[in-house]
Amino acid sequence: MVKGKMYNVPGSTPNKPKAQDKTPTRQLITANKRARHDYLIEDVYEAGLVLGGTEVKALRAGRASLAEGWVYLENGEAWLEGAHISEYTHGTWTNHAPRRKRKLLLHKSEIIRLEHKTAEKGLTIVPLQMYWLDGRAKIEIALARGKKEYDKRQTLKEKQDNREALRAMRLREKM
């Protein structure tokens, strides 16, 4: 073998291409669209969920809603309350309660940080979206501050202005 050059010598391993990066696949189950409208999002966290068997099957069928859900901290644990996961249609008497409280899995340091931040006036924790990440149910929660009514109107006006500007540019390009 000559130094500096690779030859395919019998018994040696040929040059193999590097394995492609496997980015985690993320499948959205449900999103809380009202949260971004009603709150200013300050910080976002990803948490796991403690679920029962029929809850997992109902989520696989996409039967969930976060619209009325909220997160609270109690005794050093995070809980999701008010989120609706429909009963599994093929379930038996072991089916789950649709609106039961569910434990969130966060690191202790994240829980402590959230406890300190929510002690400030006006900050709360809201669920943003629920999704599958490599076969595990995850929920994205956010530390948020409630918007005032005039802030909501301002946001809607900005969206409408952006849409009109894009529409005008498209019309200009067609001419």
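Right above here is the structure, for reference.
Not measured: the values here are computed from a predicted model.

Visitor: Outline the packing of aromatic side chains, supporting the account with residue identities and numerical values.
Guide: One pass over the structure, following the stated rule, counts zero aromatic pairs. Looking at R26, its charged tip hangs above the ring of Y131, at a distance of 3.8 Å from the centre. K101 extends its terminal NZ or CZ atom over the ring of W79, reaching a point 4.6 Å from the ring centre.

Visitor: Outline unusual backbone geometry, listing residues and values.
Guide: Here N75, not a glycine, exhibits a phi torsion of approximately 55 degrees, which is positive. With respect to the helices and strands, the residue N75 is situated in the loop between β4 (70–74) and β5 (77–81). A residue is classified by how much of its surface remains accessible, and N75, at 74% relative accessible area, is exposed. Residues other than glycine seldom take positive phi values, yet D134 does so here, at roughly 50 degrees.

Visitor: So what's going on with the pattern of salt bridges? Which residues, and what values?
Guide: Applying the stated criterion across every chain, the model contains eight salt bridges. Between E77 and K103 there is a salt bridge, and its shortest N-O distance comes to 3.1 Å. Here the residue E77 occupies a position in strand β5, and K103 occupies one in strand β7 (residues 102–105), the gap between them amounting to 26 residues. Judged by its relative accessible area of 29%, K103 is partly exposed. Within the structure, one salt-bridge network assembled from shared partners comprises R26, R36 and E140.

Visitor: Help me get a handle on the nonpolar core, residues and values and all.
Guide: Grouped together as the largest cluster of nonpolar side chains are 25 residues, with contacts concentrated most on L59, L104, L106, I139 and I141. Among the elements of the structure, β2 (39–49), α2 (53–60), β5, α3 (108–118), β8 (123–133) and β9 (136–146) are those that each provide at least two residues to this core. Excluding residues that lie within four positions of it along the chain, I141 makes contacts with D43, V44, Y45, V71, L104, L106, L114, I125, V126, P127 and L128. Formed by five residues, the second largest nonpolar core is a distinct cluster that contains V126, L128, A142 and A144.

Visitor: Could you give an account of α2, with specific residues and numbers?
Guide: Within α2 the residues assigned to the buried category are T54, E55, A58 and L59. Relative to the axis of α2, the buried residues are bounded by an arc of 140 degrees and lie together on one face. Those residues of α2 that are exposed and angled more than 90 degrees off the buried face are G53 and R60. Elements that come into contact with the buried residues of α2 comprise β1 (26–31), β3 (64–65), β6 (84–85), β7, β8 and β9. Count one or two residues on from α2 and you reach G62, which has phi positive near 75 degrees.

Visitor: Go over a positive patch on the surface, please, and point to the residues and values.
Guide: Taken together, the side chains of K159, R163, R167, R170 and K174 present a region of like positive charge at the surface. The topology assignment puts K174 in helix α4 (residues 149–174).

Visitor: Could you give an account of the pairing of β4, naming the residues involved and the relevant values?
Guide: Relative to β5, β4 runs antiparallel, the two sharing five bridges. Note that in β5 the partner of L73 across the bridge is A78. Hairpin geometry of β4 and β5 is characterised by an intervening segment of two residues between the two adjacent antiparallel strands and by a positive phi of about 55 degrees at N75.

About the criteria used
Residues numbered from 1 in each chain as written. Predicted model: local features only at pLDDT ≥ 70, side-chain atom pairs only at ≥ 80, totals over all residues. Heavy atoms only, no water. Phe/Tyr/Trp six-rings, centres within 6.5 Å; stacked < 30°, edge-to-face > 60°. Lys NZ or Arg CZ within 6 Å of the ring centre and 35° of its normal. Helix = DSSP H or I, 4+ residues; strand = E, 2+ residues; numbered from the N terminus. Buried < 20%, exposed > 50% of the residue type's maximum accessible area, 1.4 Å probe, protein only. Salt bridge = Lys/Arg side-chain N within 4 Å of Asp/Glu carboxyl O. Core = buried A, V, L, I, M, F, W, Y, C linked by side-chain atoms within 4.5 Å. Contact = heavy atoms within 4.5 Å. Arc of directions from axis to C-beta. Patch = residues over 30% accessible without salt bridge, like charges linked within 9 Å, V, L, I, M, F, W, Y side chains within 5 Å. Areas by Shrake-Rupley, 256 points an atom, 1.4 Å probe, with all protein chains shown as cover. Lys, Arg positive; Asp, Glu negative; His and termini not counted. Charge placed at Lys NZ, Arg CZ, Asp CG, Glu CD. Pairing = 2+ DSSP bridges.

The values are spatial; any link to function lies outside them.
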